[in-house]
Amino acid sequence: KQSNDLPEKEDEKDYVLAALPLIPSIVCLAFVKNYDILPVIVWSIVISILGFLLTNQMVPIFSQYTLKRGLCGKDLGKRGSPSESKDVPEALGIVCGIVFLVCTICSQMMFAKNETQMITYNSALFSICFMIFLGFLDDTLDLKWRYKLILPTVASLPLLLSYSGSTAMYIPKPFTTLFMHSGQLTIFGSIVNFFATVDTEAHGAIIELKYWFLLFMGLQAVFCTNAINIFAGINGLECGQSYVIACSLLFFKMYEISFLHDGGENERFALLTILPFIGTALGLLRHNWYPSSVFVGDTFCYFAGMTFAVIGIHSHFSKTLLMLFIPQIVNFLYSIPQLFKLMPCPRHRLPSIDPTTKLMVHSTFPCKAEEFRWFKVKRDDTVCPNCTVICAVLRVTGPLSER
């Protein structure tokens, strides 16, 4: 009886964990004072619930088609277990992406009333659809890394061309003296002013970046799409981190609507985009959670990253968006030696399985005793740990189960 009760208790725990990121936004909902935005919120909640139900039902159906076409793989994290040889359907992020597009198009039909709103929605949908196509192409054809950098740049162009927000950067007061002192530009301020425009009337508090800011947003779109893709290696991590980031974005916008201002077009667009993403991602996460019955593939990673970039750019908080990507930024910075070929970079850098304990340990690659000593556990080892946050955590904590 105990063995039968255990899975039920674990399922209940998973449901609680899934609900926790949504609680702050639900609390903010009670403080919304602008009743004009309530139809947008209610519609977004309804369409996200439908998106969750539809994704949850379609994933098992589509997984059978991918298996028939040979679009599947082995779960390398289950080596030494009975499910080691089981074929796991891949690229099921395509289901999540398609359902999201349907939900967002329905929202566009309901709330996009003028030309400006239509341009915003169409550019967003075009960029997201392009990245879903690229992700599915990568899952089936295994594209090289250079294409993964070039094509997201092309996909971000509709966002940049339709961007209508400010291109200025606001400097916190304690740092304005770096640019101006005693009414004159400093040496550093003069250098910055050569490339951008330091607002002398604002005493260095505003820097107009112009095209540099558009370049920053384009690079951000490329980073978001690839950062989720390289921060992976265990069941549910790609989809789970995207779900948490999306819930954080939702809370950020709900807090603005409830306590800072009533909510304008930027907040409406963010709600109509992020809530359907939360619903569809949660529907996919239910099947991708440990033990995973499907793999989300690069399709979901690119789709999720571009969705976040779209919301950050069109809702005019692209700089704030980076704060929610701190784990991904740390993982990227730590991975630079391998990503830029300064160190060998295996195709799969996910944790290894200890054959005796069946627990996960940090993965390694072979090297000479005198190479990469700063990265090794012991300086004279002939293997070096892979440069990922997951492997770094396993080095600190020791072997852990995948759950």
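Residues numbered from 1 in each chain as written. Predicted model: local features only at pLDDT ≥ 70, side-chain atom pairs only at ≥ 80, totals over all residues. Heavy atoms only, no water.

### A few points about the overall build of the chain
A count of helical and extended segments in the chain gives 14 helices and eleven strands. Relative to the 2.2 N^0.38 estimate, which gives 22 Å for 403 residues, the radius of gyration of the chain is 23 Å and therefore close to what a compact globule would have. In terms of overall dimensions, the chain has C-alpha extents of about 70 × 55 × 40 Å along its principal axes. Looking at the chain as a whole, 45% of its 403 residues are labelled buried. Here the analysis covers contacts within the chain between residues at least 6 apart in sequence; of these, 71% occur between residues at least 24 apart. Accessible area for the chain stands at about 20,800 Å²; split by element, carbon and sulfur atoms hold 67% of it. Positive and negative charge centroids in the chain, built from 31 and 30 side chains respectively, lie 5 Å apart. (Helix = DSSP H or I, 4+ residues; strand = E, 2+ residues; numbered from the N terminus. Rg over C-alpha atoms; globule rule 2.2 N^0.38 Å. Buried < 20%, exposed > 50% of the residue type's maximum accessible area, 1.4 Å probe, protein only. Contact = heavy atoms within 4.5 Å. Areas by Shrake-Rupley, 256 points an atom, 1.4 Å probe, with all protein chains shown as cover. Lys, Arg positive; Asp, Glu negative; His and termini not counted. Charge placed at Lys NZ, Arg CZ, Asp CG, Glu CD.)

### Focus on the pattern of salt bridges
Under the definition given, this model contains five salt bridges. Between Lys-253 and Glu-256 there is a salt bridge; the shortest N-O distance is 3.2 Å. With Lys-253 and Glu-256 both in helix α9 (residues 237-260), this residue pair falls three residues apart, about one helical turn. A salt bridge links Arg-373 to Asp-380, with the shortest nitrogen-to-oxygen separation between them at 3.5 Å. Arg-373 gets classed as partly exposed once you look at its relative accessible area, which sits at 32%. Since its relative accessible area comes to 56%, Asp-380 is described here as exposed. In the salt-bridge network here, residues are joined through shared partners; they are Lys-253, Glu-256 and Glu-267. (Salt bridge = Lys/Arg side-chain N within 4 Å of Asp/Glu carboxyl O.)

### Regarding helix α11 (residues 297-314)
One turn of an α-helix holds 3.6 residues; hence residues three or four places apart share an orientation. The terminal C-alpha atoms of α11, which comprises 18 residues, lie 26 Å apart, in line with the 26 Å expected from a rise of 1.5 Å per residue. Among the 18 residues that make up α11, 18 are buried, leaving the element largely enclosed by the rest of the structure. Residue His-316 follows α11 closely and has a positive phi angle near 60 degrees. (Expected span 1.5 Å × (residues − 1).)

### Considering the packing of aromatic side chains
Applying the stated rule across the entire model yields 23 aromatic pairs. Taking the centre distance of 5.1 Å and the plane angle of 90 degrees together, the rings of Phe-194 and Phe-195 count as edge-to-face. Accessibility classification places Phe-194 together with Phe-195 in one group, the exposed group. Relative to Tyr-255, the ring of Phe-251 lies with its centre 6.1 Å away and its plane at 55 degrees, an arrangement referred to as tilted. Taken as a pair, Phe-251 and Tyr-255 lie in helix α9 at a separation of four residues, close to a single helical turn. The partly exposed category is assigned to Phe-251, whose relative accessible area is 32%. In textbook terms, an aromatic cluster arises when at least three aromatic residues are bridged by ring pairs, as seen for Phe-100, Phe-223, Phe-277, Phe-300, Phe-303, Phe-308, Phe-325 and Phe-332. Its end group placed over the ring of Tyr-65, Lys-68 keeps NZ or CZ at 5.7 Å from the ring centre. Positioned over the ring face of Trp-374 is Arg-379, at 5.8 Å from the centre of the ring. (Phe/Tyr/Trp six-rings, centres within 6.5 Å; stacked < 30°, edge-to-face > 60°. Lys NZ or Arg CZ within 6 Å of the ring centre and 35° of its normal.)

### As for the nonpolar core
Within the largest apolar cluster, 79 residues are counted, with the highest numbers of intra-cluster contacts made by Ile-274, Phe-277, Leu-284, Phe-300, Met-306 and Phe-308. Looking at this core, the elements with two or more residues in it are α3 (38-68), α4 (93-111), α5 (115-141), α6 (145-161), α8 (211-230), α9, α10 (265-288) and α11. Leu-284 has contacts with Thr-55, Val-59, Leu-92, Gly-93, Cys-96, Cys-239, Val-294, Val-296 and Phe-300, leaving out every residue within four places of it along the chain. (Core = buried A, V, L, I, M, F, W, Y, C linked by side-chain atoms within 4.5 Å.)

### Remarks on the sheet that holds strand β6 (residues 197-198)
Here we have three strands laid out as an open sheet, ordered β3-β7-β6, and antiparallel in their pairing. Where the open sheet ends on each side, the last strands, each with one partner, are β3 (168-170) and β6. Taken together, the two bridges between β6 and strand β7 (residues 206-208) define a ladder with antiparallel strand orientation. Its bridge partner lying in β7, Val-198 is registered against Ile-207. (Pairing = 2+ DSSP bridges.)

### Here's the deal with unusual backbone geometry
With omega at -10 degrees, the peptide bond leading from Tyr-290 into Pro-291 counts as cis. Topologically, Pro-291 is positioned in the loop between α10 and α11. Backbone geometry at Ala-91 places phi at a positive 60 degrees, although glycine is not the residue there. Mapped onto the fold, Ala-91 is located in the loop between β2 (87-89) and α4. Classification of Ala-91 as buried rests on a relative accessible area of 0%. With a phi angle near 50 degrees, Phe-372 is a residue other than glycine that sits in the positive phi range. If you trace the backbone, Phe-372 turns up in the loop between β10 (364-366) and β11 (383-385).

### Details of the side chain of Asp-138
As for its placement among the helices and strands, Asp-138 is situated in helix α5. Sequence-distant contacts of Asp-138, defined by excluding residues within four places in its chain, comprise Leu-143, Lys-148, Asp-298 and Tyr-302.

### Observations regarding the packing of α10 against α11
For the pair α10 and α11, the least separation of the axes is 9 Å and the interaxial angle reads 165 degrees. Looking at the two axes, α10 sits roughly antiparallel to α11. For the pair α10 and α11, the crossing hand works out as left-handed. Where α10 abuts α11, its residues Asn-266, Phe-269, Ala-270, Thr-273, Ile-274, Phe-277, Ala-281 and Leu-284 lie against Phe-300, Phe-303, Ala-304, Thr-307, Phe-308, Val-310, Ile-311 and His-314. (Axes fitted to C-alpha atoms, helices over the stretch in contact; angles between N-to-C directions. Parallel < 35°, antiparallel > 145°, perpendicular 65-115°, else oblique. Left-handed = near helix turned anticlockwise from the far one by under 90°.)

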